[in-house]
Amino acid sequence: MLKASGREGLDPRIAVIALMAVAAVAAALLEVTVFNLNHWLTRGSQPYELAAVRTEQVDGTDVYVFDAPADLSLVQVSFQGEMAYNQLLDVTFWGSDQGQPGLHKLGEAEMWPYNPLTCIERLHFYGEPAAVGVSVEAGAGTETVFAAGSDAAVTGVSLTADPVVPRDLSPQRAGAVFAVIALALIVRRRGPLGATASQDPGLFRFATAGVTLVLVLGSAAVFFSKPAYTGIATGFYNQAYLEEGAAASTFSVEDVDQDPYSTNRYFELARAFAAGRTSLLIDPPAWMRELDNPYDRAQRQEMVDRTGEYYLWDCAYYDGSYYVYFGVLPALVFYLPFYLLTGATFPGGVAVMTCCAAFTAGLAALLFRIARHWFPATRISTFVLVLAGAWASSALVFAFARAAVYELPMTMGMALAVWSLWALVGAMERMGDPRAQMPWYAAASTLVALTFASRPQLGIVLLAFIPALAVQARRDRITPGIAACVAAPLAVVAAALMAYNAARFGSPFDFGANYNLTTNDMRQRPRSILMELQGLFSYILQPANISARFPYLLPADAQTGYVGSMVTEPGFGGVFALAPFTLAGLVAMALADRRRVWAGIAGGLVACAVVVAAFDTMGAGILGRYDLDFFFLFALAAALGFLSFERSRGHKVSRALLSGGVGATMLMGGLLLLAMFSHEGRSTVGFFLFDARTWADLSAAFTLL
């Protein structure tokens, strides 16, 4: 028995479970004590209401002014009037003190009237205060804007000094603290995972499976915390979407009742397939045929205003019919079978979450296979960090925190890509036994072929077959059977896709994206090297925009040096900023000895990622969710860098760089997650599904008074 856990004879698996229990207890204690310190410190306070003095106009804004006692610090704002439930309030504090006797701005805060914790602020004055003022404006939300005389308006404000801060036991905060403590305890140098992959294969499998399970369950917890994206309605969950008279039902967030321009694209495609058609059963309005250019948004909007008839946004329009230009595979895997069985739509969010779980398992299986075969001296604790860092660097937050139709083909493509690489590595492991290699080559070829049917640009992983087959030819031989196993699946899927394209658009190579009804005529998109460079900067090198105010990560500066039309949505930074693990891993590869082969593989992955980012820029623009297309390729390259670095330089040297990269990436991932629940991301986040209550819970949990 290894002395990996720090105690002779103690099973490392039991030690891991025990340390997780310790982390859970520590997180609970910290939640009750440290994170609720303000509650305990103010329990004996005697709150009192400040006297209102006057109302002043400052730059056209009404400021409610109150007398301020000399020791004023902590205040609670209360609002009078009928407040819209899903609306935030932008509150500005003003002050008059010894440093500046005139009324001047102290700062701003966002508040939600239904959560008192968000309405408490600590004020700071220059010397003793004389007066304090408050002004209120409409903040972010999806309901009525506050205005004088409306049904939802702030009609008055009161201030309470020395309030008792409510106790707040936040499961999100406790969960985050538990994860950090547990990971630190388990992967520490003298922790239970100190054995190498070859010394304790069973523990290696246990650790890999455990981390994978935790990542999948954690993703699911975030996913279900945004109910409108799940697509599932019952009597106790998402009741607003429940079909009348049903105990449970499914729905799509792309609902025409919410947005008349939108539709449940994959469900409509499944209905079309069931009817023997490739075009949707929904007929475009008659006026579409009368337009000089139906791809001109201004012309379409003019006809909508004139006739009241809407068209389907983000669908392909060709020869008088609607088509879905997204990858066809999700419709065949999820929507068509479910429709044939139930007549209902498959819950799209569940499809996205399933693909996220499949990607997570595939990433773990791929890295496990690589480490077991080529890096057997890797410490299991190091591998756990590498796996966690690679997963956190794959931009999955954009999927499980915004599980909409756009993310489905992306996540399915990601899952197929990593499992294809896993099967290809399986074939390489069996070099010298062509008969044993054949099913692995066939599986790899089938999976990568299906990637083209889901997210065509991710089919770039097909290039991995070139070095694999070159090594096969040099070290062994490419038998006719191996050649057939590689070529046949590719040929079958390619033929099916080309036939599908030809049936829709008259050309086997036309996927229909240029006929998309969107903000611009996609057929006229320019081809510019300056546009490509701007996209590569935004996707790879763009720094993050960090703020000291919740949610701390704000949309990155979207200004470009490209003077021309470019589709952009708010993003939060490039891959090196949002996933520092990737940059640290490439540095590790550069510092590693005996790295020639693995550096070449990592370089190929990075090159593929750059090509995909450039393709996305040219084909669509700069959109945050497109990080899903290539972040995972950077993550794989970085993982190989860390495995190579530990093999050549040793555990102690590599651990500092690895721990720093993983820690920084987890921090940025947490900030990105907070931003995904805020209103900062606009359409990238899913602004029309903004939930003020969740925002308030997170703001209260992760903001210091």
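For the structure given in this document, a descriptive report is provided here.

The rules behind each value
- Throughout this description, residue numbers start from 1 for each chain and increase along the sequence as written.
- Given that this is a predicted model, residues contribute local features only at a pLDDT of at least 70 and side-chain atom pairs are listed and counted only at 80 or more, while totals for whole chains, interfaces and linings are drawn from all residues.
- Note that water and hydrogens are dropped before the side-chain values are worked out from all heavy atoms of the structure.
- Counting from the N terminus, the helices are DSSP H or I runs at least four residues long and the strands are E runs at least two residues long.
- The quantity called the radius of gyration is restricted to C-alpha atoms. Its globule counterpart is 2.2 Å times the number of residues to the power 0.38.
- Note on exposure labels: buried denotes an accessible area under 20% of the residue type's maximum, exposed denotes more than 50%, and partly exposed covers the range between, all computed with a 1.4 Å probe on protein chains only.
- Whether two residues are in contact is decided by their heavy atoms, any of which lying within 4.5 Å being enough.
- Surface accessibility follows the Shrake-Rupley procedure with a 1.4 Å probe radius. Residue values consider only the protein chains on display as shielding.
- In this tally, Lys and Arg are treated as positive and Asp and Glu as negative; His is ignored, and so are the chain termini.
- Positions of charges follow a simple convention, taking NZ of Lys, CZ of Arg, CG of Asp or CD of Glu.
- By definition here, a salt bridge exists when the distance from a side-chain nitrogen of Lys or Arg to a carboxyl oxygen of Asp or Glu is within 4 Å.
- Axis definition: a line fitted to C-alpha atoms, limited for helices to the stretch in contact. Angles are taken between N-to-C directions and run from 0 to 180 degrees.
- To sort the angles, those under 35 degrees are grouped as roughly parallel, those over 145 as roughly antiparallel, those from 65 to 115 as roughly perpendicular, and the leftovers as oblique.
- For this scheme, ten residues count as nonpolar: Ala, Val, Leu, Ile, Met, Phe, Trp, Tyr, Cys and Pro. Four count as charged, namely Asp, Glu, Lys and Arg, and the remainder, Gly too, count as polar.
- Patch membership is restricted to residues that have no salt bridge and whose relative accessible area is over 30%. Joining uses 9 Å for like charges and 5 Å for the nonpolar side chains Val, Leu, Ile, Met, Phe, Trp and Tyr.
- Think of it this way: DSSP has to see at least two bridges between two strands before they count as a pair.
- Nonpolar cores were defined as sets of buried Ala, Val, Leu, Ile, Met, Phe, Trp, Tyr and Cys residues, with membership established by side-chain atoms within 4.5 Å.

## Structural notes on the overall build of the chain
The secondary structure content of the chain amounts to 23 helices and 15 strands. Rg of the C-alpha trace for the chain: 28 Å, near the compact-globule value of 27 Å for 705 residues, within the 12% margin. Based on the C-alpha atoms only, the size of the chain along its principal axes is roughly 90 × 80 × 55 Å. For the chain, the proportion of its 705 residues judged to be buried stands at 53%. Put simply, of all contacts in the chain between residues at least 6 apart along the chain, 75% involve residues at least 24 apart. Counting every atom, the chain has about 30,000 Å² of accessible surface; 60% of that belongs to carbon and sulfur. Separation of charge centres in the chain, based on 46 positive and 55 negative side chains, amounts to 18 Å.

## Describing the pattern of salt bridges
Where side chains of opposite charge bring their charged atoms close, a pairing between them can arise. Per the counting criterion, the structure on display carries 15 salt bridges. A salt bridge links R523 to D521; its shortest N-O distance comes to 2.9 Å. For R523, a relative accessible area of 40% corresponds to the partly exposed category. Within this structure, R369, R372, E429 and R430 form a network of salt bridges that share partners.

## Notes on the packing of helix α9 (residues 329-342) against helix α13 (residues 407-429)
For any two helices packed against each other, the geometry is given by the interaxial angle and the distance between the axes. Packing of α9 against α13 leaves a shortest axis separation of 10 Å and a crossing angle of 100°. One way to sum up the angle between α9 and α13 is to call them roughly perpendicular. Counted together, L329, P330, V333, F334 and Y335 of α9 and L408, P409, M412 and L416 of α13 form the full contact between these two elements. Its residues assigned to classes, the contact of α9 with α13 comprises nine nonpolar, no polar and no charged.

## Points about a nonpolar patch on the surface
On the surface, V32, W40 and L169 cluster together into a nonpolar patch covering about 260 Å² of accessible area. Mapped onto the elements of the fold, V32 is located in helix α1 (residues 12-32).

## As for the pairing of strand β2 (residues 52-58)
Direction of pairing for β2 relative to strand β3 (residues 61-67): antiparallel, over a ladder of six bridges. Directly across from Q57, in β3, lies its bridge partner D62. Linking β2 to β3, which pair antiparallel, is a turn of two residues; within it D59 sits at a positive phi near 55°.

## Examining the nonpolar core
Membership of the largest hydrophobic core comes to 177 residues, with the highest contact counts inside it found for Y311, Y441 and F632. Element by element, the count of residues in this core is highest for α13, at 14 residues. Ignoring anything within four residues of it in the chain, the contact list for Y441 reads L424, A427, M428, F465, A468, L469, Q472, I482, C485 and V486. With 22 residues, the next largest nonpolar core counts F66, V75, C119 and L159 among its residues.

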